[in-house]
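Residues per chain, in single letters:
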Amino acid sequence: MEYFLRAYVSGTPWTAAALQTAKFIGKGAYMSRTVRQWSKAYILNRENLPLSKCSGDWAKSRINDEDLREELLTHLQSLGKYVTATAVVDYLARPDVQQRYQLIKTISLATAQRWMENCGFRWTTAKNGQYVDGHEREDVVNYRQNTFLPAWYSVYPKTRKWSSVDVSKLEEGQSLTERRTVVWFHDESTFYAHDRRQKRWVHKDEKSTPLPKGEGLSLMVADFVSADYGWLRSRDGKESARILFRAGKARDGYFANDEIIQHAEKAMKILEKDYPDEDHVFIFDNATTHLKRADDALSARQMPKTCKDWGVNTAVRDAQGHQIRGTDGKVVMQKVRIMNGFHNGAPQEFYWPEGHENAGMFKGMATILTERGFDVSKLKAQCKNFEGTPGATNCCCRHILYCQPDFAGVKSRLETTCGARGFQVIFLPKFHCELNFIEQCWGYAKRLYRGYPLSSKDSDLENNMIKALDAVPLTSMRKFAIRSCRFIDAYHKGLNGRQAAWATKKYRGHRVLPSSILSELDAAKVI
């Protein structure tokens, strides 16, 4: 309008000036007529200026209406995790919504996507948090608070505390002459040949390339790691506790309890030779392969109630402890007697002695409990809801035996093997991978591994995996260990899993949480 009026005042005829203005901005006759209409209206009323659709009220989006935005956000949250922009379009097409916000029609799909971004949504891959399946189950929490934490704090005071500010240095005030305890965390992980990064910078001219199908060959690694030394190695670096295992029926088999025992013996051999001036503690996951007891260990699971010719089936082993297989490839089994019990400070025979009418026969649970002073004449061998009766102690013969000290206190093969050589074993609580910092070491190594060139060769898989594992820096391992210590401290202060995750994130870089953490949780309403 200003350009048009200046041209008209300068002597250019009214219509010609309007057409000249329209051509100046790349428009035609329609714009020429529009400019003349705007100008006439302005001349009659100097406050009557046309509104620009690029500013002012024309530029305001309806999503800026706080009531509409909150109502839309509430609706999307009510739909669950998997919301779509189509849900926004459909919601705004409802007559009651249109009437409430004076909408003539619904919005387009592209606008709905912009509105979702305005409401705080992003189209991205959701980040995985801490696993919660069974994490706060009653028996798991009971083990964490009453078994794991006391065991941890019995050894923790004698461990080295690395500074959270500079992990290459120890925290101040630690004795340099005191005999130290080194805690070694154990775990297994599997690498796949075709596991590679999915997100990267791709040039616009790059063409798609054919990829191999499936995950490809797999290679399992088992290792020990500590915040003091990193991966368990000999002093000269020539020996390693690391084991590579090609799991599968047609490959190396499966990493069972026998392999776990052999791995622990390999680690103990290195530690006894190169680190004799320190005490060592092994920490394992609470997995069934780690908790397996000796085949003839005390167990009431299969015991008969009455006297029978009963024993437990166990594998026949050679002089080296390896299972013997028959011509059909199956493990050769034999029946052996279960270990005798121990009651009131004295051993208790579970099989009738020579000279008895049932010599060599198993006494049965009823006789064993009667000798211990229980009246089981009206009890069944096993109650109907045996597996689903938490806390039961005297509902049946089997439950009573389960609660007897000699039955409940049976150690695993791993504990007895390591304990015989002076190494303590601690089992982590179930579902608590955040306490085992080797998990983050695996993650660091896999991030590096996924950046290596893709190959389906078994040799490349092994070389790339070893290169990635050896590239995990000790400084990062110590940071991971400090993070796990924060979680342990959180559980020691009585926090649950959700609260511990919140507190650990807030006090990132700290080894322990402040004493005010409970009041902070209340203020943040984290339950």
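So, here is what we can say about the structure in this document.

Rules used throughout
Residues numbered from 1 in each chain as written. Predicted model: local features only at pLDDT ≥ 70, side-chain atom pairs only at ≥ 80, totals over all residues. Heavy atoms only, no water. Axes fitted to C-alpha atoms, helices over the stretch in contact; angles between N-to-C directions. Helix = DSSP H or I, 4+ residues; strand = E, 2+ residues; numbered from the N terminus. Parallel < 35°, antiparallel > 145°, perpendicular 65-115°, else oblique. Contact = heavy atoms within 4.5 Å. Nonpolar A, V, L, I, M, F, W, Y, C, P; charged D, E, K, R; others polar. Salt bridge = Lys/Arg side-chain N within 4 Å of Asp/Glu carboxyl O. Buried < 20%, exposed > 50% of the residue type's maximum accessible area, 1.4 Å probe, protein only. Patch = residues over 30% accessible without salt bridge, like charges linked within 9 Å, V, L, I, M, F, W, Y side chains within 5 Å. Areas by Shrake-Rupley, 256 points an atom, 1.4 Å probe, with all protein chains shown as cover. Disulfide = S-S within 2.5 Å.

A short note on the packing of helix α18 (residues 497–506) against helix α19 (residues 517–524)
- The contact between α18 and α19 brings their axes to 11 Å, and the two run at 105°. The pairing of α18 with α19 is recorded here as roughly perpendicular in orientation. On α19, the residues that touch Q499, W502, A503 and K506 of α18 are I517, E520, L521 and A524.
- Residues belonging to the contact of α18 with α19 are distributed by class as follows: five nonpolar, one polar and two charged.

Side note on the pattern of salt bridges
- The final tally for this structure, using the stated rule, is 26 salt bridges.
- Note that D279 is salt-bridged to R179, the shortest N-O span being 3.0 Å. On the criterion of sequence distance, the pair formed by D279 in strand β5 (residues 279–284) and R179 in the loop between α8 (138–155) and β1 (181–192) is long-range, its members being 100 residues apart.
- On the accessibility criterion, D279 (32% relative accessible area) is partly exposed.

A look at a nonpolar patch on the surface
- Taken together, the side chains of Y3, F24 and I25 present a nonpolar region at the surface, about 330 Å² in accessible area.
- By the element assignment, I25 lies in the loop between α2 (14–24) and α3 (29–44).

A word on the environment of L379
- Along the chain, the position of L379 falls in the loop between α11 (365–371) and α12 (397–402).
- Sequence separation between L379 and F282 is 97 residues, and the spatial gap between their C-alpha atoms is 42 Å.

Notes on the state of the cysteines
- Counted by the stated rule, this structure contains zero disulfides.
- Distance from the sulfur of C485, which forms no disulfide, to the nearest cysteine sulfur (C441) is 13 Å.
- Note on C485: relative accessible area 12%, which makes it buried.

Read these as geometric descriptors, not functional statements.
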